[in-house]
Amino acid sequence: MGAEPGTSETVLALDGVSKLFGQAAAVDGVSLAIRRGEVFTLLGPSGCGKTTTLRLVAGLERPDRGEITLRDRVVASASRRIFIAPNQRNLGMVFQSYAVWPHMTVFENVAYPLELRGMKRAQIRDKVTRVLELVGLAETEARAGTLLSGGQMQRLALCRALVYEPDLLLLDEPFSNLDAKLREQMRVEVKLLQRRLGITVLFVTHDQVEALSLSDRIAVMHRGRVEQVGPPRCLYEEPASAFVRDFLGQTVILHGRVGRLPSGHAPPVVAVELNGALAGRTLAGRAAPSVALPHGGAAHLAIRPEDIEVAPHDPPRPETNWLPGVIESLSFVGDRYEARVALGGEYHVALFIPRGREWREGERLQLGFPPERMSVWPA
Ligand SMILES: Nc1ncnc2c1ncn2[C@@H]1O[C@H](COP(=O)(O)OP(=O)(O)OP(=O)(O)O)[C@@H](O)[C@H]1O
Ligand SMILES: [Mg+2]
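Residues numbered from 1 in each chain as written. Chains lettered and ligands numbered in written order. Predicted model: local features only at pLDDT ≥ 70, side-chain atom pairs only at ≥ 80, totals over all residues. Heavy atoms only, no water.

**Considerations on the site of ligand 1**
Here is step 1 of the chain: Phe21, Ala26, Pro45, Ser46, Gly47, Cys48, Gly49, Lys50, Thr51, Thr52 and Glu173 make up every residue found near ligand 1.
Here is step 2 of the chain: Within the backbone of Gly47, one N or O atom sits 2.7 Å away from an oxygen atom of ligand 1.
Here is step 3 of the chain: Within the side chain of Thr52, an N or O atom sits 2.6 Å from an oxygen atom of ligand 1.
Here is step 4 of the chain: With the chains in place, 56% of the 640 Å² that ligand 1 exposes on its own is no longer accessible.
Here is step 5 of the chain: Counting residues per element, the shell around ligand 1 draws most heavily on helix 1 (residues 50-58), at three residues.
Here is step 6 of the chain: Across the shell around ligand 1, the residue classes break down as four nonpolar, five polar and two charged. (Near = heavy atom within 4 Å. Polar contact = N/O pair within 3.5 Å; in protein donor to acceptor, adjacent residues only side chain to side chain. Areas by Shrake-Rupley, 256 points an atom, 1.4 Å probe, with all protein chains shown as cover. Helix = DSSP H or I, 4+ residues; strand = E, 2+ residues; numbered from the N terminus. Nonpolar A, V, L, I, M, F, W, Y, C, P; charged D, E, K, R; others polar.)

**Comments concerning the sheet that holds strand 15 (residues 298-303)**
Here is step 1 of the chain: The strand order 12-13-14-21-15 describes a closed barrel built from five strands, whose pairing is mixed. Averaged over all pairs of adjacent strands, the angle between their axes in this sheet comes to 55°, without regard to strand direction.
Here is step 2 of the chain: Across six bridges, strand 12 (residues 252-259) lies against strand 15 in antiparallel orientation. Looking across to strand 15, one finds that Val252 is bridged to Ile303. (Pairing = 2+ DSSP bridges. Axes fitted to C-alpha atoms, helices over the stretch in contact; angles between N-to-C directions.)

**Some remarks on the pairing of strand 17 (residues 322-332)**
Here is step 1 of the chain: Pairing of strand 17 with strand 20 (residues 364-368) involves five bridges; the strand directions are antiparallel. Within the sheet, the bridge partner assigned to Trp322 lies in strand 20 and is Gly368.
Here is step 2 of the chain: In this structure, strand 17 lies alongside strand 18 (residues 336-344), joined through six bridges in antiparallel fashion. Looking at strand 18, one finds that Ser331 is bridged to Glu338.
Here is step 3 of the chain: Taking the residues that link successive antiparallel strands as the turn, the strand 17-strand 18 hairpin has three residues, and the phi of Gly334 there is positive, at about 100°.

**Considering the state of the cysteines**
Here is step 1 of the chain: Evaluated as defined, the whole model comprises zero disulfides.
Here is step 2 of the chain: Cysteine Cys48 is unpaired, with the sulfur of Cys234 as its nearest cysteine sulfur at 19 Å.
Here is step 3 of the chain: On the basis of relative accessibility, which here comes to 33%, the residue Cys234 falls in the partly exposed class. (Disulfide = S-S within 2.5 Å. Buried < 20%, exposed > 50% of the residue type's maximum accessible area, 1.4 Å probe, protein only.)

**Structural notes on the packing of aromatic side chains**
Here is step 1 of the chain: According to the stated counting rule, one finds four aromatic pairs in the structure shown.
Here is step 2 of the chain: For the ring pair Phe175 and Phe203, a centre distance of 6.0 Å and an interplane angle of 45° mean the geometry is tilted. Highlighted residues: Phe175 in the loop between strand 8 (168-172) and helix 5 (180-197) and Phe203 in strand 9 (residues 200-205), separated in sequence by 28 residues. The pair formed by Phe175 and Phe203 is uniform in burial state, with each residue classed as buried.
Here is step 3 of the chain: Seen in terms of ring centroids, Phe243 and Phe247 are 5.7 Å apart; in terms of plane orientation they differ by 10°. Their pairing is stacked. Taken as a pair, Phe243 and Phe247 lie in helix 8 (residues 242-247) at a separation of four residues, close to a single helical turn.
Here is step 4 of the chain: Accessibility expressed as a relative area gives 22% for Phe243, which makes it partly exposed.
Here is step 5 of the chain: A cation sits over an aromatic face here: Arg89 above Phe83, 5.1 Å from the ring centre.
Here is step 6 of the chain: Residue placement shows Arg357 over the ring face of Trp359; its charged tip is 4.2 Å from the ring centre. (Phe/Tyr/Trp six-rings, centres within 6.5 Å; stacked < 30°, edge-to-face > 60°. Lys NZ or Arg CZ within 6 Å of the ring centre and 35° of its normal.)

**Observations concerning the sheet that holds strand 17**
Here is step 1 of the chain: Across the sheet, which stays open at both edges, the five strands sit in the order 16-20-17-18-19 with antiparallel pairing between neighbours. Single-partner strands in this sheet number two, and they are strand 16 (309-312) and strand 19 (347-354). The sheet shows a mean angle of 40° between the axes of neighbouring strands, direction not considered.

**Quick notes on the packing of helix 2 (residues 106-116) against helix 3 (residues 121-134)**
Here is step 1 of the chain: The geometry of helix 2 relative to helix 3 is characterised by a closest axis approach of 10 Å and an angle of 130° between their N-to-C directions. In terms of axis orientation, helix 2 runs oblique to helix 3. As for how helix 2 packs across helix 3, the hand of that crossing is right-handed. Contact with helix 2, carried on its side by Val106, Phe107, Val110, Ala111, Leu114 and Glu115, involves Ile124, Arg125, Lys127, Val128, Thr129, Val131 and Leu132 of helix 3 and no other residues of that element.
Here is step 2 of the chain: Residues that form the contact of helix 2 with helix 3 fall into these classes: nine nonpolar, one polar and three charged. (Parallel < 35°, antiparallel > 145°, perpendicular 65-115°, else oblique. Left-handed = near helix turned anticlockwise from the far one by under 90°. Contact = heavy atoms within 4.5 Å.)

**Examining the domain arrangement of the protein chain**
Here is step 1 of the chain: For the protein chain, the domain assignment lists domain 1 (10-100 + 148-245) and domain 2 (252-378).
Here is step 2 of the chain: Using C-alpha coordinates to define each centre, domain 1 is positioned 37 Å away from domain 2.
Here is step 3 of the chain: Counting across the domain 1 and domain 2 interface gives one salt bridge.
Here is step 4 of the chain: The partner of Arg286 in a salt bridge is Glu238, and the shortest N-O contact between them spans 3.9 Å.
Here is step 5 of the chain: Applying the counting rule to domain 1 against domain 2 returns three residue pairs in polar contact (both at pLDDT 80 or more). (Domains from an automatic or database assignment. Salt bridge = Lys/Arg side-chain N within 4 Å of Asp/Glu carboxyl O.)

Encoded structure:
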């Protein structure tokens, strides 16, 4: 249900939103538009402003600058002095530290917020039964909330947010209390649920795997600002900054200077003459987006480890974009090998090697760095 261009409707818009705590901006001029039916994720390291952004959307904080619009209604505006209370925003929220009311059954936990709103009994029964069925908790409805497993409690917290049929569901690290296996399971369940209900989700995490697997689009945040917004694959393959590149996934970096292009290559490919133990070798890669790479300037070559090609020591490959190496350590992990390859001097590369052929520690090999998979950045 990823929003299609042209047909998409903006559910939530942030326009130049800032939030200061004392002198420091926890959120610094953030502008975002979240479309109907998408899972939109705020991803970034601890302290980058993700929770504060979510709290601003929820109405638990007031912006110092900028405007927040939900559907077509301005819910917060610093300059126009508009502030709509959290309970008037029709949002569902699941925060990192969700609480299950211990003296209530599973059913009552979900029903209670609706009772508070004065909804009729029959209607409550309908709604609660429906959401409990959705997340597979129908059988536990008479059980005490505290007798649930971690994953079930997590689902119960989700039910309580869903029962309102919110325009937007806010999830702040909702899986952080779960072990790795359960996290993975919940990730799939939330995605299925979101697709089935067609709800819009604003999701917060510092876990890049979670973000990549769950999101239609991701905003990578750094120090209160948005560094880049895009679909997961686009951010992974075409990061707009070194921060985004290194935050999402593993990166192998080689150092050198911008040099002359070897024959057979043409711009926008850039050649880098490597430094240190690899001096004399030249690798070519694509220039990173909107960076200046003057001839002779210090540069980094970056590649994802899974994009590196592996070939036996013989026959020799062309000098350009292939480097010889030695397998320093090797572990067979079932579907492949995990290897650390020494390229000489300070250069080591950790990568996976397919198990099509048998490899040994100490064995010499060649690593290929396809120019279209390498990106060149100013150092
Ligand atoms: N109530 C507050 N008073 C003062 N400073 C705050 C307050 N809330 C957050 N901050 C600061 O604002 C910055 C952003 O915090 P925020 O909680 O939004 O980060 P986060 O991205 O959610 O981090 P984490 O991944 O650790 O949850 C941090 O430097 C934090 O210390
Ligand atoms: Mg947080």
